[in-house]
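Observations on chain architecture
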Amino acid sequence: MTASIKKIFWKLFGQYRGLRRELYVLFWGKAATNMGAMIWPMLTLILSNKLGMNPQEIARITITLGIIQFPVNLLGGKLADHYNKKNLILVCDMVTVICYFIAAAIPVSMTQILLFFTASVFQTMENPSYDALVADLSSTEDRERAYSLIYLGLNLGLILAPSIGGILFQNHLGLAYAIDGLTTFSSTVLIFFFIKDITPVREEKKNVYEQAQRTQSTWKILCSQKVILLFLTCWAVYQFSYTQFNFLIPLNMEHLYDAKGAVYFGMMTSLNGLVVIMGTPILTKAAQKLQDITKLALGQLLVWFSLGMYLFIQGMVPMYYVSMVIFTVGEIMTTLGSYPYLTRRIPASHRGRISSVSSIFLGISMYGSQWIIGGLLESGSILSAWKMIACVGFAGTVCYMILAVIDRKTYSLLYQTDTKE
């Protein structure tokens with residue numbers, strides 16, 4: 001039995017062997033950072049339970065502060081394409097660490113929230129560097145494995161962090177900020193000492209769609225490849241639904257269970273991280289022959305179904321966890337498809353900038369979703385909000401089906417090769 005388990009383990013995790021050493025460092029860096037990711041999942045509950053805000057006020061605060069991140073994201077993308085990505089990550093991480101430590105030393109207040117948002121702004125600035133670096137350090141054929149590995153690391157730390165955050169939420173919130181700062185600092189140390197070479201992988205036979213176009217502006221490239229804009233729109237529709245993981249679900253839990261809702265939500269978030277750890281290598285292996293667009297459509301379908309369940313499972317605690325498992329499988333499929341899809345269809349010279357543009361699409365959708373759902377909660381009920389999410393999820397599934405047809409015509413060479421998309 002032990003030999004069989006060992007064989008299965010190596011079959012699943014052995015698929016990550018052979019990647020660049022720097023990718024493994026980024027994996028551990030992401031894991032270390034997210035081991036302390038206790039504040040972000042609890043943000044809605046902090047604003048609601050600790051600061052007494054209603055859903056509309058929460059949406060207004062997060063949207064206002066979130067809009068600031070849009071130009072920062074564009075700046076981060078431009079810097080990533082023109083300067084040393086490793087150094088950008090290090091500088092942004094240190095600002096983030098300082099903000100967390102100051103926040104840990106002061107009482108719960110809007111000042112503490114502003115420090116948290118400042119930290120998140122600098123984390124947003126470094127994201128295009130992370131995304132572009134993963135693409136730079138992996139070949140076209142290895143792209144799924146590389147992003148799957150980073151995603152695995154990102155979620156490795158989320159297995160326990162949200163549950164611990166739920167426990168600290170009531171009386172020791174400052175300690176949660178301090179832990180966030182310490183883990184982010186440990187990630188910074190890993191990257192500083194162990195990432196030495198960030199030279200992009202040189203491929204003998206490069207995907208024609210990834211050829212550098214340094215003389216072209218980002219907007220010219222996007223306008224000349226309207227399918228990418230359609231993809232970003234589909235991804236934004238998906239994000240509209242996905243955002244409810246950290247917005248409507250915790251508010252639903254608080255509505256039903258008051259302060260105990262933070263504990264339930266923390267356990268659900270930890271379950272999300274656990275399923276990611278177990279499911280990512282399995283789905284990476286099982287779905288390796290699927291086209292990226294197929295993974296994206298399946299991901300949208302599963303997220304739509306899981307969130308639609310909330311129309312029928314109110315007050316049924318075990319079903320929350322069933323829904324979360326389905327939701328997480330959809331999330332994994334979307335992750336396995338999204339960045340590989342994008343990076344195979346854009347010039348390598350613009351990875352950072354187009355990553356930042358994609359983040360803006362997702363950000364607009366996320367904050368728009370919070371605003372709309374917050375308004376529905378003010379004027380209607382929890383169920384009316386879930387009905388809206390169900391309708392948007394259905395629309396997103398249809399959008400991905402349309403994209404699949406257009407993509408095959410536009411990027412026909414990707415469907416004719418032996419590589420996965």
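Here the structure is a predicted model, which is why all the values come from computation and not from measurement.

**With respect to the overall build of the protein**
- A tally of regular secondary structure across the protein gives 19 helices and 0 strands.
- Relative to its length of 421 residues, the protein is compact, with a C-alpha radius of gyration of 21 Å against a globular reference of 22 Å.
- Overall size of the protein, expressed as C-alpha extent along the three principal axes, is 60 × 55 × 45 Å.
- By residue count, 57% of the 421 residues in the protein fall in the buried class.
- For the protein, the computed accessible surface area is about 17,600 Å², with 69% contributed by carbon and sulfur atoms.
- Positive and negative charge centroids in the protein, built from 33 and 23 side chains respectively, lie 5 Å apart.

**As for the pattern of salt bridges**
- This structure, assessed with the given rule, holds 9 salt bridges.
- Here Glu 22 and Arg 20 are joined by a salt bridge, their closest N and O atoms 3.3 Å apart.
- Note that Arg 353 and Asp 81 form a salt bridge whose closest N and O atoms lie 2.7 Å from each other. Linking Arg 353 in helix 17 (residues 351-379) with Asp 81 in helix 5 (residues 69-82), this pair joins segments that are 272 residues apart in sequence.
- When its relative accessible area of 17% is taken as the criterion, Asp 81 is described as buried.
- Linked through salt bridges whose partners overlap, the residues forming this network are Glu 144, Asp 292, Lys 295 and Arg 344.

**Quick notes on the confidence of the model for the protein**
- Of all residues in the protein, 92% have pLDDT values of 70 or greater, and the mean over the chain is 84.
- Across the protein, helix 15 (residues 292-308) holds the top mean pLDDT of 95, while helix 1 (residues 2-13) sits lowest at 68.

**Details of the environment of Tyr 310**
- Here Tyr 310 lies in the loop between helix 15 and helix 16 (317-343).
- Between the C-alpha atoms of Tyr 310 and Asn 252, which are 58 residues apart in sequence, the distance is 9.4 Å.

**Side note on helix 8 (residues 143-156)**
- Given a rise of 1.5 Å per residue, 14 residues ought to cover 20 Å, and the 20 Å separating the end C-alpha atoms of helix 8 matches this to within 8%.
- Along helix 8, 12 of the 14 residues are buried, which leaves the element largely enclosed by surrounding structure.
- What helix 8 keeps buried is the set Arg 143, Glu 144, Arg 145, Ala 146, Tyr 147, Ser 148, Leu 149, Ile 150, Tyr 151, Leu 152, Gly 153 and Asn 155.

About the thresholds
Residues numbered from 1 in each chain as written. Predicted model: local features only at pLDDT ≥ 70, side-chain atom pairs only at ≥ 80, totals over all residues. Heavy atoms only, no water. Helix = DSSP H or I, 4+ residues; strand = E, 2+ residues; numbered from the N terminus. Rg over C-alpha atoms; globule rule 2.2 N^0.38 Å. Buried < 20%, exposed > 50% of the residue type's maximum accessible area, 1.4 Å probe, protein only. Areas by Shrake-Rupley, 256 points an atom, 1.4 Å probe, with all protein chains shown as cover. Lys, Arg positive; Asp, Glu negative; His and termini not counted. Charge placed at Lys NZ, Arg CZ, Asp CG, Glu CD. Salt bridge = Lys/Arg side-chain N within 4 Å of Asp/Glu carboxyl O. pLDDT = per-residue confidence, 0-100. Expected span 1.5 Å × (residues − 1).

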